[in-house]
Amino acid sequence: MTVLDPSLPAILGGRPAWPAGPPDWPRFEQNVVDTLIQAAHDGSWGKYHGPHVARLTDLLAAAHDCPYVHLCCSGTAAVELALRGLHVGPGDEVVMGAYDFKGNFQDVLALGAMPVLVDVCAANATLDPARLPPALGPRTKAIIVSHLHGGIADMPEIVRIANTQGVPVIEDAAQMPGARVCGKIAGTWGDAGILSFGGSKLVTAGRGGAVLTARADIAQRIKLHVQRGNDAYPLSEIQAAAIGAQWPPLNEFNQRRAATACELAAALKWLGLVAFQNRPGDSQPGYYKLGLYYEREAFGGLPRETFAAAMRTEGVALDAGFRALHATHSSRRFRRASGLEHATRAGETVLTLHHPVLLAGPQAVAAVVEAVAKIARCAGAIQAQATEC
Ligand SMILES: *Cc1c(COP(=O)(O)O)cnc(C)c1O
């Protein structure tokens, strides 16, 4: 019988750095359960119209200091509705980063419009404002900007450039609910902002989304689109109840996640994983994921996917990031407004650490660092095993 060395990486038969793995999501939260039980008792769970949607609408409006909040069935639908609110249709162009959530690209196509891809910042894969001016033209109807993997987009500069051209901005804060972006809450910088309450997100009802806007014309156009005797893209009462219970503690959770992300970033940069960076300035990022650039040379040339698989075997929830939009769609589907080298690099090298890891605190930091160090030490053997199979 061969006795394996427990200090080996788990993928080579050693002991996992974090045998229990990251906590499940959503977590058990007593106040969410209490709210749902209350809704079950009073019958509001099963009604078309009850108190919860109206209450959540008011709560989000107050939290964002924003007059119009439109709740809907997903973040993807929220982006579509925001585009519709801006009258985007066939023949129009919508500018976005070439590294972004795929659904945003598809929302633009679904409206018959053309995505125009611009390059992203090298430091955090969010839309690079310096690449914006040449992308804007007479057909540009909107710019979609997403905060991604703890990376904050440069909203002041993006909005400034957009305003000089009279182009509206949609701020996608699906990954950063409640975050502070250069002195304002995420989702309130543009003409419209969106949130997601999807099943893995920081505030979840399994499904759900919201559009935030201060423009009455956008709010009105969205309302007209969804009202077909009934709301065609609804958020239900029971979903709204669950979301409402999660909003008050969000800020504290965001702070805890950010503190762990900061510690991890400091420890991992010496090991070949460089965390997404933000320029300072009255910001408090939200961490749906922590984005990390994978430096393959630091791991003996081990492919990113093999590294991520080895990390998951250690119990650390780590995945490859998005694929760059221009690398996965036919060039007939979009227009390219600039070189896209930083987006290409992000699509090839970004790893994302899932947020439940960040709430586990010092234990998580120790486990992640141990796992990375083990894998780095045995990268050659992992690669040999991977090529054998
Ligand atoms: C998750 C996500 C969305 C869409 O949210 P769903 O509710 O899953 O449709 C949009 N944009 C970004 C950046 C996201 O991460």
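None of these values were measured; they are calculated from a predicted model. (Residues numbered from 1 in each chain as written. Predicted model: local features only at pLDDT ≥ 70, side-chain atom pairs only at ≥ 80, totals over all residues. Heavy atoms only, no water.)

## Description of the environment of Gly 272
This is how the line gets drawn: Helix and strand labels come from DSSP, where a helix needs a run of H or I of at least four residues and a strand needs a run of E of at least two; each type is numbered from the N terminus. By the convention used here, residues are in contact when the closest approach between their heavy atoms is within 4.5 Å.
With respect to the helices and strands, Gly 272 occurs in the loop between helix H7 (237-268) and strand E10 (273-275). Distance in space between the C-alpha atoms of Gly 272 and Leu 292 is 9.3 Å, their sequence separation being 20 residues. Discounting residues that sit within four places of it in the chain, Gly 272 has contacts with Tyr 293, Tyr 294, Glu 295, Ala 298 and Phe 299.

## Observations regarding the packing of aromatic side chains
Formally: Two aromatic rings, drawn from Phe, Tyr or Trp (for Trp, its six-membered ring), form a pair once their centres lie within 6.5 Å of each other, and the interplanar angle then sorts them: stacked below 30 degrees, edge-to-face above 60, tilted otherwise. A 1.4 Å probe rolled over the protein chains alone gives each residue an accessible area, and that area as a share of the maximum for its type sets the label: buried under 20%, exposed over 50%, partly exposed in between.
Tallied over the full model, the rule gives seven aromatic pairs. The interplanar angle of 40° and the centroid separation of 5.4 Å between the aromatic rings of Tyr 99 and Phe 322 together place this pair among those described as tilted. Here the residue Tyr 99 occupies a position in the loop between strand E2 (93-97) and helix H4 (102-110), and Phe 322 occupies one in the loop between strand E12 (318-320) and helix H9 (325-328), the gap between them amounting to 223 residues. Like Phe 322, Tyr 99 is buried.

## Overview of the domain arrangement of the protein chain
Filter applied, for reference: Segmentation into domains, and thus their bounds, comes from an automatic or database assignment. Summed over both partners, buried area is the accessible surface (1.4 Å probe) that two parts give up on being assembled. In the sections that follow, a salt bridge refers to a side-chain nitrogen of Lys or Arg positioned within 4 Å of a carboxyl oxygen of Asp or Glu. Polar contact is the term for a pair of N or O atoms within 3.5 Å; when the atoms are in protein, one must be able to donate a hydrogen and the other to accept it, and sequence-neighboring residues count only if both atoms are side-chain atoms.
According to the domain assignment, the protein chain contains domain 1 (30-246) and domain 2 (250-388). Contact residues are listed per partner, giving 44 residues for domain 1 and 44 residues for domain 2. Between domain 1 and domain 2, the buried area comes to about 3,700 Å², and carbon and sulfur atoms account for 58% of it. Counting every contact that joins domain 1 to domain 2 gives four salt bridges. Among the salt bridges present, the one from Arg 180 reaches Asp 282, with a minimum N-O distance of 3.4 Å. Summed over the shared surface of domain 1 and domain 2, the number is 32 residue pairs in polar contact (both at pLDDT 80 or more).

## Quick look at the sheet that holds E2
Going by this rule: We call two strands paired when DSSP finds no fewer than two bridges between them. Every axis corresponds to a line fitted to the C-alpha atoms, with the helix fit spanning only the stretch in contact, and the corresponding angles, defined between N-to-C directions, vary from 0 to 180 degrees.
Read from one edge of the open sheet, eight strands run E1-E9-E8-E5-E4-E2-E3-E13, paired in mixed fashion. Two strands bound the open sheet, and with one partner strand each, they are strand E1 (68-72) and strand E13 (335-336). Sheet topology note: the E1/strand E9 (residues 209-213) ladder contains five bridges and is antiparallel. Counterpart to Leu 71 in the pairing with E9 is Ala 210. The strands touched by helix H3 (residues 75-85) within the sheet are E1, E2, strand E4 (140-146), strand E5 (169-172), strand E8 (192-196) and E9, with E8 carrying the most contacts at an inclination of about 165°. In this fold helix H6 (residues 216-226) packs onto E1 and E9, with an angle of close to 25° to the strand it touches most, E1.

## Some points on the pairing of E4
So the rule is basically this: By the criterion used throughout, a crossover qualifies as right-handed when its path from the first strand across the helix to the second strand runs clockwise, the strands pointing away from the viewer.
Of all seven residues making up E4, six are buried, and the element is well covered by its neighbours. Bridge count between E2 and E4: four bridges; the pairing is parallel. Bridging across to E4, Glu 93 finds its partner in Thr 140. Here E4 pairs with E5 via four bridges, running parallel. Bridging from a neighbouring strand, Ser 146 pairs with Asp 172 of E5. Assessed by its sense of winding, the connection that carries the chain from E4 through helix H5 (residues 155-165) to E5 is right-handed.

## Let's talk about the pairing of E2
Across a regular strand the side chains alternate sides, sitting on one face of the sheet and then on the other. A large share of E2 lies buried, amounting to five of its five residues. For E2 and strand E3 (residues 114-118), the ladder comprises five bridges, and the chain directions are parallel. Within E3, the position partnered with Met 96 by the bridge is Leu 117. With respect to chirality, the unit in which E2 leads through H4 into the neighbouring parallel E3 is right-handed.

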